[in-house]
Amino acid sequence: MSEPTLDIVAIGNAIVDVIAKADDAFIASEGLSKGAMQLLFTTEEAEALYAKMGPGVEASGGSAANTVAGIAALGGKTGFIGQVADDQLGKVFRHDITALGVAFDTPARAGEPKTARCLILVTPDGERTMNTFLGASQHLPPAALDADLIESGAILYLEGYLWDPEEPRAAMDKAIDIAHGAGRRVAFTLSDGFCVDRHRDGFQELLDKGRIDILFANEDEIKSLNETQDFDAAVEATAAKTPILVVTRSEKGAIAVKDGERFSVSAEPIDKMVDATGAGDQFAAGFLAGQAEGRSIEDSLTMGAVCAAEVIQHYGPRPEADIKALIAKRLG
Ligand SMILES: OC[C@H]1O[C@H](O)[C@H](O)[C@@H]1O
């Protein structure tokens, strides 16, 4: 079996975010669930919400894409697979991710629907409420997978959001087989509490069949997965099904369980939470980069916490500061 040449290869929704400030009254009046991600099913729905939003800033996003962007910023070698349309936003997404040194060669898809966009409303408390029009990203077919790219990564990283549409779900299923067939590890994020509600059985089946080697979740997601409000019981149940479980807990820090041993890290101090978008993505970036560098679970958790703390102190889901330097300062 050949040695991997990349640290992480991710498959995810290829999305351009539009980020705007909003108040709680707007979230309520639109009937949105604060802090969650809801899907917008038509262009009309997306345009209607966009028209009501305040001035927005565009930034490349997509959960797993944000994670590989973070790992690349930390000096890791990464690849990405995701579907954009042959349009302006697709070009923006491709430019931004390749400019970071991420290998991304999934061909653009001609015609409708357009490249995915996520309308993100950030309230004064820094919480983000996401509204995603999946557009072209829901048409990532299994045939678009670059098996060589997947096999070249030490870890394949997948986002639970991609379990919503049928074609990418089949693609991820195939990608797991390719990665495991090449002796690689598979990491997976549960993405969102509502997403877990929609796909609890599918996610549990992945775990029961031993198809996930590293699972990322937050508190809501792990409780939802196990249909319990008892955090410790939820962690124990899922930790028994995967070699490494990582659970982020916002200001309470994060924990990991590896082979029955539990580790924890405090949240890094911050001045102010400006925008929570990308917090989980950058935590995963720090943790996976640590794993790729052969670091301990404790140090990988600290790297996750440093990356998450950086991203929530500015608008946008990807790092702006020199996170490599921040980690060097923190871990020496
Ligand atoms: O996790 C944050 C990301 O989720 C959504 O997919 C948005 O694109 C955003 O960048």
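Conventions and cut-offs
- Residues numbered from 1 in each chain as written.
- Predicted model: local features only at pLDDT ≥ 70, side-chain atom pairs only at ≥ 80, totals over all residues.
- Heavy atoms only, no water.
- Salt bridge = Lys/Arg side-chain N within 4 Å of Asp/Glu carboxyl O.
- Buried < 20%, exposed > 50% of the residue type's maximum accessible area, 1.4 Å probe, protein only.
- Near = heavy atom within 4 Å.
- Polar contact = N/O pair within 3.5 Å; in protein donor to acceptor, adjacent residues only side chain to side chain.
- Areas by Shrake-Rupley, 256 points an atom, 1.4 Å probe, with all protein chains shown as cover.
- Helix = DSSP H or I, 4+ residues; strand = E, 2+ residues; numbered from the N terminus.
- Nonpolar A, V, L, I, M, F, W, Y, C, P; charged D, E, K, R; others polar.
- Core = buried A, V, L, I, M, F, W, Y, C linked by side-chain atoms within 4.5 Å.
- Pairing = 2+ DSSP bridges.
- Axes fitted to C-alpha atoms, helices over the stretch in contact; angles between N-to-C directions.

*Asks:* How do you make sense of the pattern of salt bridges when you look at a structure like this?
*Replies:* If charged atoms from side chains of opposite charge come close, those side chains can pair. Counting across every chain of the model gives 16 salt bridges. Here arginine 295 makes a salt bridge to glutamate 293, at a shortest N to O gap of 2.8 Å. Residue classification places glutamate 293 among the partly exposed positions, given a relative accessible area of 43%. One salt-bridge network, held together by shared partners, links Asp24, Lys34 and Asp125.

*Asks:* What is the right way to look at the site of the ligand in this model?
*Replies:* Near the ligand, the surroundings consist of Ile15, Asp17, Gly61, Gly62, Ser63, Asn66, Cys118, Met130, Gly278, Asp281 and Pro317. Within the side chain of asparagine 66, an N or O atom sits 3.0 Å from an oxygen atom of the ligand. Between the ligand and the protein, one listed contact pairs an oxygen atom with a side-chain N or O atom of aspartate 281 at 2.6 Å. The fraction of the free accessible surface of the ligand (280 Å²) that becomes covered by protein chains is 97%. Going through the elements one at a time, β2 (15–21) and α3 (63–73) are the ones with two or more residues in the shell around the ligand. Taken together, the residues of the shell around the ligand break down into four nonpolar, five polar and two charged.

*Asks:* When you look at the nonpolar core in this model, what are you seeing that I'm missing?
*Replies:* Soluble globular proteins: nonpolar side chains tend toward being buried together. Formed by 50 residues in total, the largest nonpolar core has its most connected members in Ile11, Ile150, Leu156, Phe188 and Phe203. Broken down by element, this core gets its largest block of residues, six residues, from helix α6 (residues 166–181). Within the second largest apolar cluster, 43 residues are counted, among which are Leu89, Ile97, Ile244 and Cys307.

*Asks:* I keep staring at the sheet that holds β2 and nothing clicks. Help me out?
*Replies:* Pairing between sheet strands relies on hydrogen bonds along the backbone, with the strands arranged either parallel or antiparallel. The five strands are arranged β3-β8-β7-β2-β4 in an open sheet whose pairing can be described as mixed. Each end of this open sheet is capped by a strand with a single partner; those strands are β3 (37–40) and β4 (56–60). Here the strands of the sheet are splayed against their neighbours by 25° on average, with no regard to which way each runs. Both β2 and β4 contribute to a ladder of five bridges, which runs antiparallel. Residue pairing for β4: aspartate 17 is matched across the bridge by alanine 59.

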